[in-house]
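Listed below are the residues making up each chain.
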Amino acid sequence: MGHHVLPGNPPVEVILRRSARARRISLRVSGVDGRVTLTMPPGVAERTALDFANEKAAWLRAQLSRQPDMTEVRIGSDLPVEGRLRRLLPGSGRRIQLADDTLAVPGPPETAPRRVQAWLKTRARDHLAAASDYYAQAVGREYARLTLRDTRSRWGSCTHDAGLMYSWRLILAPREVLDYVAAHEVAHLVEMNHSHAFWTIVERLCPDYDTPRRWLRENGAELHRYRFE
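Here goes a summary of the coordinates provided. In this text the structure is predicted, and so the values were computed from the model without any measurement.

### Description of the overall build of the protein chain
Working step 1: In terms of helices and strands, the protein chain carries six helices and 13 strands.
Working step 2: With the principal axes as the frame, the protein chain shows a C-alpha extent of 55 × 50 × 30 Å.
Working step 3: When each of the 229 residues of the protein chain is scored for burial, the buried share is 45%.
Working step 4: Of all intrachain contacts in the protein chain linking residues separated by at least 6 positions in sequence, the fraction that spans at least 24 positions is 46%.
Working step 5: In the protein chain, 35 positive and 27 negative side-chain charges are present, and the distance between their average locations comes to 5 Å.

Have a look at this one:
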């Protein structure tokens, strides 16, 4: 992979990527970190691909201007936990302490981002496992495993061999949103599609599912703005 900067205001850094499977030149703006990737199929000259990117420069800048500002999580910053903003404060003892409006993080301040991320993942796994167990029992099915990832493209998925995958960032959203995603994926244990029968199961498990579904559509991108590196 290489890099190229499109001139203009502001300049746009583009990552060049060659793909044997690509059939055409494509430009992608990551919703997670705003990185721009220009993918080239075999046999296409780099100059041709860069000309394509230059033609799309105005579109690229428009896309980048809509990206949510990244927030570096550190002591003193605000972070949503289960849908409520908490201020990160220095803590004492050995464990992170969650209160109504604060998250007290013990240890050196520079370790706080990593510790908070690990704590969030553990909490996400606990909540998602409990919700998945509850809904799986309700539909009379079992799932094979539960995996957490940090995916931008989807909040959850269900494989054909009954594996459930969730984004751990769901723990940042209100609890009813996390529950809806769990109900949605567990419903796929019965119906591996989005048919009327599938949505009937979702509605039985989560009667007001349209509200959390709409919340994710309108606010989900914001959950990706928090960076823990």
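Now that the structure has been shown, we can carry on.
### Quick word on the sheet that holds strand β2 (residues 12–18)
Working step 1: In spatial order, the strands read β1-β2-β4-β3; together these four strands make up an open sheet with mixed pairing. In the strand order of this sheet, the two ends are held by β1 (2–6) and β3 (26–29), each with one partner. Strand-to-strand, the axes of this sheet are offset by a mean angle of 30°, without reference to chain direction.
Working step 2: Relative to β2, β1 runs antiparallel, the two sharing five bridges. If you follow Gly-2 over to β2, its bridge partner there is Leu-16.
Working step 3: Contacts from helix α1 (residues 46–55) reach β1, β2, β3 and β4 (36–40) within the one sheet, and its direction differs from that of β4 by about 140°.
Working step 4: The sheet contacts of helix α2 (residues 57–65) involve β1, β2, β3 and β4, and relative to β3 the element is tilted by about 20°.

### Side note on the pattern of salt bridges
Working step 1: Going through the model one piece at a time under the given rule, you end up with nine salt bridges.
Working step 2: For Asp-78, the salt bridge is made with Arg-87, and the minimal N-O distance between the two is 2.5 Å.
Working step 3: Owing to a relative accessible area of 38%, Arg-87 belongs among the partly exposed residues under this scheme.
Working step 4: Between Arg-169 and Asp-150 there is a salt bridge, with its nearest N and O atoms 2.8 Å apart. Residue Arg-169 is located in the loop between β12 (163–167) and α4 (175–187), and its partner Asp-150 is located in the loop between β10 (145–149) and β11 (156–158); the two are separated by 19 residues in the primary sequence.
Working step 5: You can call Arg-169 buried: its relative accessible area is 1%.
Working step 6: Classification of Asp-150 as partly exposed rests on a relative accessible area of 36%.

Analysis parameters
- Residues numbered from 1 in each chain as written.
- Predicted model: local features only at pLDDT ≥ 70, side-chain atom pairs only at ≥ 80, totals over all residues.
- Heavy atoms only, no water.
- Helix = DSSP H or I, 4+ residues; strand = E, 2+ residues; numbered from the N terminus.
- Buried < 20%, exposed > 50% of the residue type's maximum accessible area, 1.4 Å probe, protein only.
- Contact = heavy atoms within 4.5 Å.
- Lys, Arg positive; Asp, Glu negative; His and termini not counted.
- Charge placed at Lys NZ, Arg CZ, Asp CG, Glu CD.
- Pairing = 2+ DSSP bridges.
- Axes fitted to C-alpha atoms, helices over the stretch in contact; angles between N-to-C directions.
- Salt bridge = Lys/Arg side-chain N within 4 Å of Asp/Glu carboxyl O.

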